[in-house]
Amino acid sequence: MHVGLRVADLERSLAFYTAVGYELVGDVPDTALGQLTMLKLPDDEFVTIELVHPPAGSRAPAGPGLSHPVIAVDSMTTTVAELAARGIDADPPSSPEGSDEFLTTCITDPDGNRIELVQWPAGHPAGMTVADWPDR
């Protein structure tokens, strides 16, 4: 779906990526990772880069580098069960909006890289779009 990139200076990174041609789609403030800023290219429908800026005073890495790739799954329950059967533990799934249909979780590879899994609600496009930020 998209890649999360840790950034040390959000404004500097936004200036760079918008100069390259990316467009700001929306923000998700105050997550466990920090502020998430979503970008897409003008001719793309979906978000392709998520800038991850940790909150002030956080012990989270302050970039640069890969934060996490994001993969869409059809069923969080089925996916987590299949992963568990293969010996891969997932964090307990949760919903950014309190829904039983929109769920996220993370798994961690042997090197400590986190991979986010997302189950969209029925009828949601295959990725994040401008429609996910109606107030923008």
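All of the points below concern the structure found in this document. The model shown is predicted, which means the values in this text are computed figures rather than measured ones.

**A word on the pairing of strand β5 (residues 65–72)**
Taken residue by residue, a regular strand's side chains alternate between the two faces of the sheet. As paired strands, strand β1 (residues 2–6) and β5 are joined by five bridges and run antiparallel to one another. Following the sheet pairing, Leu 5 is matched in β5 by Leu 66. Here three bridges tie β5 to strand β7 (residues 114–119), and the two strands are oriented parallel to one another. The residue of β7 that forms the bridge with Ala 72 is Val 118.

**Considering the side chain of Lys 40**
Following the sequence through the fold, Lys 40 ends up in strand β3 (residues 34–40). There is a polar contact of 2.9 Å between the side chain of Lys 40 and the backbone oxygen of Asp 44. Leaving out residues up to four positions away in the same chain, Lys 40 has contacts with Gly 21, Tyr 22, Glu 23, Val 25, Glu 45, Phe 46, Val 47, Thr 48 and Val 130.

**Topic: the environment of His 124**
Relative to the elements of secondary structure, His 124 occurs in the segment after β7. A relative accessible area of 22% places His 124 in the partly exposed class. Between the alpha carbons of His 124 and Phe 102 there is a distance of 9.4 Å; along the sequence they are 22 residues apart. At a separation of 2.8 Å, a polar atom in the side chain of His 124 contacts the side chain of Asp 132.

**Observations concerning the sheet that holds β1**
Spatially, seven strands are ordered β2-β3-β4-β1-β5-β7-β6 in an open sheet, and the strand pairing comes out mixed. Single-partner strands in this sheet number two, and they are β2 (23–31) and β6 (103–108). Pairwise comparison of adjacent strand axes, ignoring direction, gives a mean angle of 25° for this sheet. Relative to the sheet, helix α2 (residues 76–85) contacts β6 and β7, its axis offset from that of β7 by approximately 145°.

Conventions and cut-offs
- Residues numbered from 1 in each chain as written.
- Predicted model: local features only at pLDDT ≥ 70, side-chain atom pairs only at ≥ 80, totals over all residues.
- Heavy atoms only, no water.
- Pairing = 2+ DSSP bridges.
- Helix = DSSP H or I, 4+ residues; strand = E, 2+ residues; numbered from the N terminus.
- Polar contact = N/O pair within 3.5 Å; in protein donor to acceptor, adjacent residues only side chain to side chain.
- Contact = heavy atoms within 4.5 Å.
- Buried < 20%, exposed > 50% of the residue type's maximum accessible area, 1.4 Å probe, protein only.
- Axes fitted to C-alpha atoms, helices over the stretch in contact; angles between N-to-C directions.

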